[in-house]
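One letter stands for each residue in the lines below.
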Amino acid sequence: IQSWIKEANTGIQQVEDFSFKYFFDPPAQQAISGRILFAYMDSSQLFTLAEERRSALDFRWIAGTPAEAANRSSSPEENTIPLSEDTVFYGICKKGKAKKAAAAFTQWFFRQENQRLLLESARNKGMNETSFGIAGGFSAIRGVTEQVFPRFYPSLLGHMPQEEFLSPPNVLPRNWTALKDQVILPFLHERIRSNEKNAIIPLERRISDWSRLNRE
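Rules and cut-offs
- Residues numbered from 1 in each chain as written.
- Predicted model: local features only at pLDDT ≥ 70, side-chain atom pairs only at ≥ 80, totals over all residues.
- Heavy atoms only, no water.
- Helix = DSSP H or I, 4+ residues; strand = E, 2+ residues; numbered from the N terminus.
- Buried < 20%, exposed > 50% of the residue type's maximum accessible area, 1.4 Å probe, protein only.
- Areas by Shrake-Rupley, 256 points an atom, 1.4 Å probe, with all protein chains shown as cover.
- Phe/Tyr/Trp six-rings, centres within 6.5 Å; stacked < 30°, edge-to-face > 60°.
- Core = buried A, V, L, I, M, F, W, Y, C linked by side-chain atoms within 4.5 Å.
- Contact = heavy atoms within 4.5 Å.
- pLDDT = per-residue confidence, 0-100.
- Axes fitted to C-alpha atoms, helices over the stretch in contact; angles between N-to-C directions.
- Parallel < 35°, antiparallel > 145°, perpendicular 65-115°, else oblique.
- Left-handed = near helix turned anticlockwise from the far one by under 90°.
- Nonpolar A, V, L, I, M, F, W, Y, C, P; charged D, E, K, R; others polar.

## Some details on the overall build of the protein chain
A count of helical and extended segments in the protein chain gives ten helices and two strands. Listing every helix and strand of the protein chain by position from the N terminus yields α-α-α-α-α-β-α-α-α-β-α-α. Per-residue burial over the protein chain gives 23% buried out of 216 residues. Of the accessible surface of the protein chain, which amounts to about 16000 Å², a share of 56% is contributed by carbon and sulfur atoms.

## A short note on the packing of aromatic side chains
Aromatic rings in a pair are described by how distant their centres are and how their planes are angled relative to each other. Under the definition given, this model contains 16 aromatic pairs. Here F47 and F132 contribute two aromatic rings whose centre-to-centre distance is 5.1 Å and whose plane-to-plane angle is 20°, an arrangement assigned as stacked. Here F132 lies in the loop between α7 (112-124) and α8 (142-152) and F47 lies in the loop between α3 (43-46) and α4 (51-54), a separation of 85 residues in the sequence. The class for F132 is buried, based on a relative accessible area of 1%.

## Regarding the nonpolar core
F47, L119, V144, F149, Y153 and L156 are the most contacted members of the largest nonpolar core, which has 16 residues in total. Leaving out residues up to four positions away in the same chain, Y153 has contacts with F47, N128, S131, F132 and G133.

## Brief notes about the confidence of the model for the protein chain
Put simply, the protein chain has an average pLDDT of 83, and 87% of its residues get 70 or more. Per-residue pLDDT, averaged within each element of the protein chain, yields its smallest value for helix α5 (residues 66-70) (50) and its largest for α7 (96). The low-confidence segment residues 1-7, where pLDDT is below 50, has three contacts with residues more than four positions distant or belonging to other chains.

## Topic: unusual backbone geometry
Among all residues save glycine, negative phi is the norm, and among peptide bonds the norm is trans. For A135, which is not a glycine, the phi torsion comes out positive at approximately 55°. Summarising the element assignment, A135 is placed in the loop between α7 and α8. A relative accessible area of 57% places A135 in the exposed class.

## Notes on the packing of helix α9 (residues 176-193) against helix α10 (residues 203-213)
At a closest axis distance of 10 Å, the pairing of α9 and α10 adopts a crossing angle of 155°. One way to sum up the angle between α9 and α10 is to call them roughly antiparallel. Considering only the axes of α9 and α10, their crossing is right-handed. Each of A178, L179, Q182, V183, I184, P186, F187 and E190 in α9 lies in contact with α10, whose residues at this interface are L203, R206, I207 and W210. Residues that form the contact of α9 with α10 fall into these classes: nine nonpolar, one polar and two charged.

Right under this line is the structure:
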């Protein structure tokens, strides 16, 4: 076991050395240059790349085919596209002072034609170079995602994800983003590099300490 751990740590160091030496360019540029064959990025990163770079790339969703979806096993999570943890949700505050105005805006916002106009305005103003789609992602309106988005992002033609493949994240803590960046990921980095399991602080204790120090 100790020998395997040593080999694993050596492999990690080799990966880090390679990344430090060669990955000074963004992953997309590395793929275009041919140094790497593929790289992972979410849709908001891919579709905000400059057009000349994006046109030189091809992409696939990390999922199966419609036939595979029809023949899934008892586990519904198999062959699905995981939705980003930072998915934007929309709602109206129960105790808001302007419920009628909020309701009127909601009705306006969730019309297909109005979202098409928002996408068109973003393109005309160059805002689509820094923000993808509606609020940084695909629209909750199926018609907008399936019919309107390909007009503004032609590379989606023939690549549109199917609804049955989409897998939303589980319910996460309100402070999940900070917890993941400050506790979960540092723990995992230490864990894969440590030869002694007892040499690092357990994750449960880290979460408890972090939560105690970050109470609102």
